[in-house]
Amino acid sequence: MKLNNTKIKIGVLGGSFDPAHKGHLAISKEAKKRFKLKKVIWAITKKNPFKIESKTSVTDRIKYCKKIISTNSFIKVKFYEKIIKSNKTINLINHLKKDKSIEIYFLMGADNLINFHKWHKSKLISQKCNILVFDRHGYKKNSLKSKTFKQLNKTNLEFIEFNKVNISSSQLRKI
């Protein structure tokens, strides 16, 4: 007989959040609803390894995230890099997995899936958590053709189509 060890489902949305926007909020709400997540952690990184360093301080980005979240108390804004001494997703996942009572759902936009195979220990990330990829305008075709999607499709990766918010942090920084 298998014991029913129901784990607490936690979503993790990582990134520089430079700036946070309603697209981040929309995928957090959608993931919570569809996968019955207890909470979603916005794990802010000082610097995305694939992007140039942010001109906005982590402190200011955290404040802005909290403003965007507003009354959505299921979202927690965290900066783990001081604790885990790393900006690598695998190290964050390993840190969170120390709590055996949780199951992690890693949330990302379709644009991130295209280069996911280049992430540090990406295969290990995919073995340790469920990956939820949210469709983004203009990225669906390339993300569905990506190396990672072909390797992981149906195992622990799910591509989610929903009413997208056509916005990105890089577009907002240009304003």
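Anything mentioned here points back to the structure above.
Thresholds applied
- Residues numbered from 1 in each chain as written.
- Predicted model: local features only at pLDDT ≥ 70, side-chain atom pairs only at ≥ 80, totals over all residues.
- Heavy atoms only, no water.
- Helix = DSSP H or I, 4+ residues; strand = E, 2+ residues; numbered from the N terminus.
- Buried < 20%, exposed > 50% of the residue type's maximum accessible area, 1.4 Å probe, protein only.
- Contact = heavy atoms within 4.5 Å.
- Phe/Tyr/Trp six-rings, centres within 6.5 Å; stacked < 30°, edge-to-face > 60°.
- Expected span 1.5 Å × (residues − 1).
- Arc of directions from axis to C-beta.
- Pairing = 2+ DSSP bridges.
- Right-handed = clockwise from strand over helix to strand, strands pointing away.
- Salt bridge = Lys/Arg side-chain N within 4 Å of Asp/Glu carboxyl O.

> Mind showing me how you'd approach the overall build of the protein chain here?
Of the regular secondary structure elements, the protein chain holds 9 helices and 6 strands. For the protein chain, the proportion of its 175 residues judged to be buried stands at 46%. Across the protein chain, contacts joining residues at least 24 apart in sequence account for 77% of those joining residues at least 6 apart.

> What is the right way to read the packing of aromatic side chains from this model?
One pair of aromatic rings is described through two measures. These are the centre distance and the angle between the planes. Under the defined criterion, the tally for this structure stands at 6 aromatic pairs. On the basis of an interplanar angle of 20° and a centroid distance of 5.0 Å, the ring pair of F17 and W42 is categorised as stacked. Remark: W42 occurs in strand β2 (residues 39-44) and F17 occurs in the loop between β1 (8-15) and α1 (22-35); sequence separation between them is 25 residues. Here F17 and W42 have matching classes, each one buried. Between the aromatic rings of F116 and W119, the centroid separation amounts to 4.7 Å while the plane-to-plane angle is 55°, which identifies the pairing as tilted.

> Please explain helix α2 (residues 58-69) as it appears in this structure.
Note on helix geometry: an α-helix contains 3.6 residues per turn, so any two residues three or four positions apart are oriented the same way. Here α2 contains 12 residues, and its C-alpha end-to-end distance of 16 Å stays within 8% of the 16 Å for a straight helix at 1.5 Å per residue. Every buried residue of α2 is listed here: V58, R61, I62, C65, I68 and I69. The arc that holds the buried residues of α2, viewed along the axis, is 120°, so those residues lie on one side. In α2, those exposed residues whose orientation departs by more than 90 degrees from the buried face are K63, K66 and K67. Close packing links the buried residues of α2 with α1, β2 and β3 (75-78).

> Looking at this structure, how should I read the pairing of β1?
Sheet faces and side chains relate simply in a regular strand, where the side chains alternate between the two faces. The pairing of β1 with strand β4 (residues 102-109) spans 6 bridges and is parallel. Looking across to β4, one finds that V12 is bridged to F106. Of the pairings in the sheet, the one linking β1 to β2 comprises 6 bridges and is parallel in character. Within β2, the position partnered with G14 by the bridge is A43. Of the crossover connections in this fold, the one passing from β1 over α1 to the parallel β2 is right-handed.

> Just checking my understanding: could you explain unusual backbone geometry for this structure?
The phi angle of most residues is negative, glycine excepted, and most peptide bonds adopt the trans form. The omega angle of the peptide bond from D18 to P19 is 0°, so this bond is cis rather than trans. Position of P19 among the secondary structure elements: in the loop between β1 and α1. Although it is not a glycine, F17 sits at a positive phi angle of roughly 45°. Although it is not a glycine, S70 sits at a positive phi angle of roughly 55°. Accessibility expressed as a relative area gives 53% for S70, which makes it exposed.

> Hey, could you run me through the pattern of salt bridges in this one?
Side chains that differ in charge, positive against negative, can pair when their charged atoms come close. Following the criterion strictly, the structure yields 4 salt bridges and no others. Where E30 meets K33, a salt bridge forms, and the shortest distance between an N and an O atom there is 3.9 Å. Highlighted residues: E30 and K33, both in helix α1, separated by 3 residues, approximately one helical turn. Between R136 and D111 there is a salt bridge, with the nearest N and O atoms lying 2.9 Å from each other. One end of the pair, R136, is in the loop between β5 (130-134) and α7 (140-144); the other, D111, is in helix α5 (residues 110-114), with 25 residues separating them in the sequence. Counted as one network, the salt bridges with shared partners bring together E30, K33 and R34.

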